[in-house]
Amino acid sequence: MSKIKISDTSLRDGHQSLWATRMATPDMIPVLKKLDEIGYHSLEIWGGATFDVCIRYLNEDPWERLREIRRNVTKTRLQMLVRGQSLVGYTHYPDDIAVKFIEKAADNGIDIFRIFDALNDLRNLETCMRTVKAIGKHTQACVVYTISPVHSVQHFVDTALRLQDMGADSICVKDMAGLLAPYISYELIRALKENLDVPIQLHTHYIGGLAIATLLKAAEAGVDIIDTASVPMAFGSSQPPVETIVRALQDTEWDTGLSLHDLFEIAEHFEQIRKHKGFERGVTRITDMKVFEHQVPGGMISNFYSQLEEQKAAHRLDEVLKEIPRVRADLGYAPLVTPTSQLIGNQAVINVLLGERYKMCPGEVKEYVRGCYGKPPAPIDEEVRQKIIGDTPVIDVRPADLLEPMWGKAREAVKAWSESEEDVITYALFPQVALKFFEWRKARSAEDVPQIQSNDEIGPTVVENKASAAPPRVKPPVKPRAVSRGDEDMNIDEIRELMLLLDQSNIADLELQKNDFKIHLRKYAAGVIPAASNPVSAVSNPVFAEPVEEILDESITEVLAPMVGTFYAAPSPDAAPYVKIGDRVEPGQTLCILEAMKLMNEIKTDFAGTIVNILVENAQPVEYGQTLFLIQKD
Ligand code: CO
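Residues numbered from 1 in each chain as written. Predicted model: local features only at pLDDT ≥ 70, side-chain atom pairs only at ≥ 80, totals over all residues. Heavy atoms only, no water.

## Concerning the nonpolar core
Core analysis: the biggest nonpolar cluster contains 101 residues, and W46, F101, F113, I171 and L429 have the highest contact counts within it. Filtering out sequence-adjacent residues up to four positions away, F101 remains in contact with W46, F51, W63, M80, L87, V88, I425 and L429. The next biggest cluster of nonpolar side chains, apart from the first, holds 53 residues, and it includes F304, A313, I324 and L331. (Core = buried A, V, L, I, M, F, W, Y, C linked by side-chain atoms within 4.5 Å. Buried < 20%, exposed > 50% of the residue type's maximum accessible area, 1.4 Å probe, protein only. Contact = heavy atoms within 4.5 Å.)

## Regarding the sheet that holds strand β14 (residues 609-614)
Pairing within the open sheet is antiparallel, and its 4 strands lie in the order β9-β16-β14-β11. Two strands lie at the open edges of the sheet, namely β9 (556-560) and β11 (584-585), each paired on one side alone. Summarising the sheet, β11 and β14 pair through 2 bridges and their orientation is antiparallel. In the strand pairing of β14, V585 is matched with G609. (Pairing = 2+ DSSP bridges. Helix = DSSP H or I, 4+ residues; strand = E, 2+ residues; numbered from the N terminus.)

## Points about the confidence of the model for the protein
Put simply, the protein has an average pLDDT of 84, and 82% of its residues get 70 or more. In the model, residues 450-492 has pLDDT below 50 throughout and makes 103 contacts with residues more than four positions away in sequence or in other chains. In the model, residues 497-551 has pLDDT below 50 throughout and makes 82 contacts with residues more than four positions away in sequence or in other chains. (pLDDT = per-residue confidence, 0-100.)

## Regarding the environment of M289
Looking at the secondary structure, you find M289 in helix α12 (residues 286-289). M289 sits in the partly exposed class, given a relative accessible area of 38%. Residues M289 and G236, 53 residues apart in the sequence, show an inter-C-alpha distance of 9.4 Å. When neighbours within four sequence positions are excluded, M289 is seen to be in contact with G208 and T284.

## Some points on the coordination of the cobalt ion
Looking at the cobalt ion, one finds its protein donor set to be D13 (OD), H203 (NE2) and H205 (NE2), positioned 2.0 to 2.1 Å from the metal centre. Read in sequence order, the donor residues for the cobalt ion give the motif D-x189-H-x1-H. Of this pair, D13 sits in helix α1 (residues 10-18) while H205 is found in the loop between β7 (200-204) and α9 (211-221), placing the two residues 192 residues apart along the sequence. (Donors = N, O, S within 2.8 Å, 3.2 Å for Na, K, Ca; no water.)

## Focus on the side chain of T557
Here T557 shows up in strand β9. Residues within four places of T557 in sequence aside, it is in contact with F607, F629, L630, I631 and K633.

## Concerning helix α20 (residues 421-429)
With 8 of 9 residues buried, α20 lies mostly within the body of the structure. Of the residues flanking the start of α20, the one acting as N-cap is S420, its side-chain oxygen 3.3 Å from the backbone nitrogen of E422. (Polar contact = N/O pair within 3.5 Å; in protein donor to acceptor, adjacent residues only side chain to side chain.)

## Examining the pairing of strand β2 (residues 42-47)
Burial within β2 is extensive, with 6 of its 6 residues counted as buried. Taken together, the 2 bridges between strand β1 (residues 5-8) and β2 define a ladder with parallel strand orientation. By the bridge assignment, D8 is partnered in β2 with L43. One ladder, built from 5 bridges, connects β2 with strand β3 (residues 77-82); its direction is parallel. Directly across from S42, in β3, lies its bridge partner R77.

## Some thoughts on the packing of aromatic side chains
Taken as a whole and judged by the stated rule, the model has 15 aromatic pairs. One aromatic cluster is present, built from ring pairs that chain together W46, F51, W63, Y90, F101 and F430. One residue, K174, lies across the ring of F116, its end atom 4.6 Å from the ring centre. Across from the ring centre of F607, 4.9 Å away, lies the NZ or CZ of K633, which sits over that ring. (Phe/Tyr/Trp six-rings, centres within 6.5 Å; stacked < 30°, edge-to-face > 60°. Lys NZ or Arg CZ within 6 Å of the ring centre and 35° of its normal.)

## Points about helix α21 (residues 431-447)
Every α-helical turn comprises 3.6 residues, leaving residues that sit three or four positions apart pointing alike. With 17 residues, α21 should reach 24 Å at 1.5 Å per residue; the first-to-last C-alpha distance of 24 Å fits that figure. The complete set of buried residues in α21 reads V433, A434, F437, F438, R441 and R444. Angular distribution of buried residues about the axis of α21 spans 135 degrees; they occupy a single face of the element. Relative to its buried face, α21 has exposed residues pointing more than 90 degrees away, namely K436, K442, A446 and E447. (Expected span 1.5 Å × (residues − 1). Arc of directions from axis to C-beta.)

## With respect to the layout of surface pockets
There is about 560 Å³ of room inside the second largest pocket. Looking at the second largest pocket, it is lined by 24 residues, and the ones nearest its centre are L354, K359, M360, K604 and D606. Elements supplying a minimum of two residues to the lining of the second largest pocket: α16 (340-354), α18 (382-389), β9 and β13 (599-604). Residues of the lining of the second largest pocket, tallied by class, amount to 13 nonpolar, 3 polar and 8 charged. (1 Å grid on protein atoms, 1.4 Å probe; cavity = no way out; pocket = protein on both sides within 12 Å on 5 of 7 lines; lining within 4 Å. Points joined across faces, edges and corners; volume = space filled by probe spheres on them. Nonpolar A, V, L, I, M, F, W, Y, C, P; charged D, E, K, R; others polar.)

## Observations concerning the state of the cysteines
Applying the stated criterion to the full structure yields 0 disulfides. With no disulfide of its own, C172 has C142 as its nearest cysteine by sulfur position, at a separation of 4.2 Å. C172 gets classed as buried once you look at its relative accessible area, which sits at 0%. (Disulfide = S-S within 2.5 Å.)

## Re the pattern of salt bridges
Counting across every chain of the model gives 43 salt bridges. Taking the shortest distance from any N to any O, the salt bridge between D288 and R285 comes out at 3.3 Å. R285 sits in the partly exposed class, given a relative accessible area of 42%. In the salt-bridge network here, residues are joined through shared partners; they are E64, R67, E68 and R71. (Salt bridge = Lys/Arg side-chain N within 4 Å of Asp/Glu carboxyl O.)

## A few points about the packing of helix α17 (residues 363-370) against α18
With their axes 10 Å apart at the nearest point, α17 and α18 run at an angle of 130 degrees to one another. Here α17 lies oblique to α18, going by the angle between them. When the axes of α17 and α18 are compared, the crossing they make is left-handed. Where α17 approaches α18, its residues V365, K366, V369 and R370 are matched on the opposing element by R385, I388 and I389. Considering only residue class, the contact of α17 with α18 consists of 4 nonpolar, no polar and 3 charged. (Axes fitted to C-alpha atoms, helices over the stretch in contact; angles between N-to-C directions. Parallel < 35°, antiparallel > 145°, perpendicular 65-115°, else oblique. Left-handed = near helix turned anticlockwise from the far one by under 90°.)

## So, the environment of M28
Along the polypeptide, M28 turns up in helix α2 (residues 25-38). When the C-alpha positions of M28 and R65 are compared, they lie 9.5 Å apart, and in sequence the two are 37 residues distant. In this view, M28 contacts L11, H15, M23, R65 and I69; residues no more than four positions away in its chain are not counted.

## Concerning the environment of G565
Locating G565 in the fold gives a position in strand β10 (residues 565-568). Considering only alpha carbons, one finds G565 and L599, 34 residues apart in sequence, at a separation of 9.8 Å. Excluding its chain neighbours within four sequence positions, the residues that come into contact with G565 are L594, E595, A596, Q620, P621 and V622.

## Things to note about the sheet that holds strand β15 (residues 621-622)
Strand order in the open sheet formed by 4 strands is β13-β12-β10-β15, with antiparallel pairing between adjacent strands. The outermost strands of the open sheet, each flanked by one partner alone, are β13 and β15. In this sheet, strand β12 (residues 590-596) lies alongside β10 in antiparallel orientation, the contact comprising 3 bridges. Across the sheet, the residue bridging to T566 is E595, located in β12.

Next comes the structure, spelled out in structure tokens:
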């Protein structure tokens, strides 16, 4: 037994878990030299969501942040989190991008690469691990901890042994949801220490409050390194506080040797940032602690809550939290971590909202079931697989083997902006966001504004979705259309506008639109559409005063939006629409895409018929229950 070493996560997981990753580089700089003096084993400062958030929300170059930190931290090792073949994104990237990414991260200052795969599919770690080894940096490979019938201590030890064989310089037990209980922690760390030669590190989250006890039991079992955060960024869904752990181990054989006095100085700095920016403290709510039931990491719950709110279904959170473990079991007990947490969580939301399980599945869930994210820990339920992808073949090779190299194309695309290889990588990882960022950067340098954006310009933090599973689609601008009577393509808003214009005096000209309009009215009567979106002027109009049920043509069926989202008529902006007016459709045929909760959901018809009308324009937002299509049933 010996002293325990500590990695500080304040500048990565700490603010990612509590502050939606919104700490900016200028908030970090004043405290870097102090952090460097503490005697930490390493500082986790890069990777995870930090890269994406830098370019997407903070208008910061993540590479510049890394260099800035490296300039200030000269003694302590810098560490980053790599999501296996997904690097710092949400999808698998080709090997050429993975290799370049690791090389450039090392060039710019990273010493320790902590690499994990959401499914513990070790093939997804191969390229990154091999590259880190080749450039002589420290390869830390993760065993992602979760609880399921297939995840036994023996399973984790076997996984760790294979990672050691693959060249891991150390092993990290990554417990992203704070599920590791103290006595299991003792058993697991003990087994790993007995079976492996490399150092063992433990990464856990506070959430339900187990973490401090879990770390102490791990210390007794011989863990080499543990992760903590400075107190303003500890507790809640983050790591336990370093100050507590240092004190708890003082004057024992595991004494960390760190100075509480110096740690408090650092904590004061972060506390000022927290107050100034209105960032949250780490707290545990009952829903957070229910992680013991549903395993959903705390940060994700607020995510689901805002998604459900968007869908006007916030009151269904409990149902979603019950559905998540069922979906997880169906899909082979994947640990809930980026990106599987998003896939499983969103599928659960959709199952609850639609009232039928797997009636609709995001493209990403289909890809998961096809094996495009790797091999799930347990087999996928056969019936569920059939429902999601039918007879589409499942791949059994390493997913990245199927990806074309991207470097050449990315370099070409970035040429107009930059010659830097770092920029090419940024583009390869997040194409749309990167271009917007390059544009902003160019404009900024033209204006000659200061190098780093002032914090105050960012404004108060908003806890948004911490991760988006799909890159945002660029929405084409909606062209304003002249409203003319008799225009067969008029939508309901235009009719309303027209009714107001005409002061309802010329209703006869609106006959063409009557059917759409009546359906809208019927839904209004049924309370599906909120009052605000109603053709107010028409409600009292005598022409439409007849009972709405009677005026509907029985053979015409509406296809309604199952969720709030954005309507897309075609799979991509330059592709042909799925259907047009007059088309015949068969059951199961895709009618459109509804982008909701950052995922692309295909809307299908349940019956055969002919498209009579399409009531939404491409790229327009739609409400829950809004009519998208009218189909004349066979
Ligand atoms: Co974490």
